[in-house]
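Residues per chain, in single letters:
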Amino acid sequence: IARRQRQMCIRDSHLYFVVRSLGVQGRDHVLQYAFADDRGNVVMSAFVRSQAPAAIMFGARAEDLAMEPLDADAFDHIATRLCGGATLVGYQRVLQGGLLPYGAVHSAAGVECAWRRFQQTARRIGLEVSAHEPLTLNDCLAHAGLPVLESEDAALRALAIRSLWRWMDEVG
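This is a predicted model, so every value here is computed, not measured. (Residues numbered from 1 in each chain as written. Predicted model: local features only at pLDDT ≥ 70, side-chain atom pairs only at ≥ 80, totals over all residues. Heavy atoms only, no water.)

## What about the overall build of the protein?
- Looking only at helices and strands, the protein features 7 helices and 5 strands.
- The order of helices and strands in the protein, counted from the N terminus, is α-β-β-β-α-β-α-α-β-α-α-α.
- In the protein, buried positions account for 44% of the 172 residues.
- Considering only contacts within the protein whose residues lie at least 6 apart along the sequence, 56% involve residues at least 24 apart. (Helix = DSSP H or I, 4+ residues; strand = E, 2+ residues; numbered from the N terminus. Buried < 20%, exposed > 50% of the residue type's maximum accessible area, 1.4 Å probe, protein only. Contact = heavy atoms within 4.5 Å.)

Have a look at this one:
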């Protein structure tokens, strides 16, 4: 019953997500995936082995992990169940969403972009933001008067995206 209730809580709501590169470990790339819900809970943070060439980005050293990363197939199953029916919100949706497992994206109700929405909101409320210069998540947080991040941890970044999204809800 608890599992079914948990799925119903996430369904028809938002999951704020971040995928962070931790570098290469052996032949695999290690990524940190984190998801936060509308209530501000980190519902999952996981280290996952990926063989996807698209996962090659710079990050922390994967050798420094305290535990062994999940394999991609196990994570795909978990993420598919977690994301089912939820609207996923990432910062730079195309880059971040492209690193999510296929099942997670296809079981979700949709994928939204906090960066794109911030640009629209900023123009609407009169914030001076260049449409030609890329804005980092910290840039957007600062413009919104929210605390900026001092960590690259994916769970903290997912919570920051949630804060930014909620700020945009409040300002219209």
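## Concerning the pairing of strand β2 (residues 28–37)
- With respect to burial, β2 is a largely interior element, 10 of its 10 residues being buried.
- Every second residue of β2 is oriented toward a common face, with Asp28, Val30, Gln32, Ala34 and Ala36 on one face and His29, Leu31, Tyr33, Phe35 and Asp37 on the other, all of them buried.
- As paired strands, strand β1 (residues 14–25) and β2 are joined by 10 bridges and run antiparallel to one another. Residue pairing across strands places Gly23 opposite Val30, the latter belonging to β2.
- Here β1 hands over to β2 after 2 residues, with Gly26 in that stretch at a positive phi of 70 degrees.
- Here β2 pairs with strand β3 (residues 42–50) via 8 bridges, running antiparallel. Residue pairing in the sheet places Phe35 in a bridge with Met44 of β3. (Pairing = 2+ DSSP bridges.)

Geometry only, nothing functional implied.
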